[in-house]
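Spelled out, the chains give:
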Amino acid sequence: MPTLARFTAAALLAVLAAACADSRTAPSTPQSVATDPLPSTADPLSPMPTVSVRPSSTGHRPADGSSLASCRDADCEVEVRAGDRLRIDKRFGVQRLTISALDPDEVTIALLGFTGGLRAEGANVSISSSCVNGRCRDEGKLSLAPGRSARINNLRLELPYASADHAVLRLTPR
C-alpha cells in the first residue's frame, strides 16, 4: 500500500475514533491513539500506523445513551452522572429526579414532586412536604442499588450498572 494511502487511512481512523466520543459517552480514561512515525517514502514495507480505542468500562450500553430528555415519558435507560436532572412528565406525579451521589454500591436520587402526590418505595426513602408563600411541593430522596428496584408513584427504577463516576438508570412506567 502506498505510503500516502496508509497515512490517510490511519488519520481517518483517528478522526472517526475521536468523533464517536463526546464528554458524556467517552470512557473515564482518555482514548489512546498510538501511531508509528510516518514511514519514509524510501521504505514501502514500513508498518502501517495503528489506532486503538479502549472499550466502554460499563460493559452495558444504555438504550438511550446519555439523552436525559428521553426520560420525559418515564420509559428510558440512560447513563447518568452526579448532578444530572431528569425531568418527568407531570402525569407521573414527579417533576424531577436529580442524581445526588454515585457510588459503585448505591446511587442516591433526590425527588421533587407535587404536594401529596409523591410516594416512593425502596432503600433509605424519605419524603417531606413544604409550602412557602402558597407554593407547595414534595421533596425526598431514595437510594438505589444494582440488582434492586425502587418505585416512585407509578415508575419503576432499576440500576443495571453503577460506578463512582457514572451509572446506568432504567425507568419504566407501571
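Definitions and cut-offs
- Residues numbered from 1 in each chain as written.
- Predicted model: local features only at pLDDT ≥ 70, side-chain atom pairs only at ≥ 80, totals over all residues.
- Heavy atoms only, no water.
- Core = buried A, V, L, I, M, F, W, Y, C linked by side-chain atoms within 4.5 Å.
- Buried < 20%, exposed > 50% of the residue type's maximum accessible area, 1.4 Å probe, protein only.
- Helix = DSSP H or I, 4+ residues; strand = E, 2+ residues; numbered from the N terminus.
- Contact = heavy atoms within 4.5 Å.
- Polar contact = N/O pair within 3.5 Å; in protein donor to acceptor, adjacent residues only side chain to side chain.
- Salt bridge = Lys/Arg side-chain N within 4 Å of Asp/Glu carboxyl O.
- Disulfide = S-S within 2.5 Å.
- Pairing = 2+ DSSP bridges.
- Axes fitted to C-alpha atoms, helices over the stretch in contact; angles between N-to-C directions.

As a further point, take the nonpolar core. Inside soluble globular proteins, nonpolar side chains tend to come together where they are buried. Core analysis: the biggest nonpolar cluster contains 29 residues, and L86, I88, L97, I109 and L157 have the highest contact counts within it. Contributions of two or more residues to this core are made by β1 (76-80), β3 (94-103), β4 (106-113), β7 (135-144), β8 (149-152), β9 (155-162) and β10 (167-173). In this structure, I88 is in contact with C71, R72, A74, V94, Q95, L97, L155 and L171, ignoring residues within four places of it in sequence.

The next point concerns the side chain of H166. Positionally, H166 belongs in the loop between β9 and β10. According to the relative accessible area criterion, H166 is buried, its value standing at 5%. Polar side-chain contacts of H166 include one of 2.8 Å to the side chain of D165.

Summed over all chains, the structure comprises six salt bridges. The salt bridge involving R170 is made with E77; its shortest N-O contact spans 2.6 Å. In this pair, R170 is assigned in strand β10 and E77 in strand β1, connecting sequence segments 93 residues apart. Accessibility expressed as a relative area gives 25% for R170, which makes it partly exposed. Across the salt bridge formed by E139 and R137, the nearest N and O atoms sit 3.3 Å from each other. We classify E139 as partly exposed; its relative accessible area is 33%. One network of salt bridges, in which partners are shared, links E77, R156, E158 and R170.

Now for the state of the cysteines. A full pass over the atoms with the stated rule returns two disulfides. Here C71 connects covalently by a disulfide to C76, the sulfurs 2.0 Å from one another. Judged by the sign of its S-S torsion, about 95°, the cystine formed by C71 and C76 is right-handed. Across the pair, C76 and C71 agree in class, each one buried.

It is worth spelling out the pairing of β9 at this point. Pairing of β8 with β9 involves four bridges; the strand directions are antiparallel. Within the sheet, the bridge partner assigned to S149 lies in β9 and is E158. Count of turn residues in the β8/β9 antiparallel hairpin: two residues, of which N153 carries a positive phi of about 50°. Bridge count between β9 and β10: six bridges; the pairing is antiparallel.

Of note, D165 is situated in the loop between β9 and β10. Between the alpha carbons of D165 and P104 there is a distance of 8.6 Å; along the sequence they are 61 residues apart.

Spatially, five strands are ordered β1-β10-β9-β8-β5 in an open sheet, and the strand pairing comes out antiparallel. A single partner strand is all that each edge strand has here, and the edge strands are β1 and β5 (120-121). Sheet topology places β5 next to β8; two bridges connect them, and they run antiparallel. Among the inter-strand pairings, E121 is bridged to a residue of β8, identified as R151.

Reading across from one edge, β2-β3-β4-β7-β6 is the order of the five strands in this open sheet, with antiparallel pairing throughout. Bordering the open sheet on either side are β2 (85-87) and β6 (123-132), each of which pairs with just one other strand. Across the sheet, the mean angle separating the axes of adjacent strands is 15° when strand polarity is ignored. As paired strands, β2 and β3 are joined by three bridges and run antiparallel to one another. Looking at the pairing, L86 lines up with L97 of β3.

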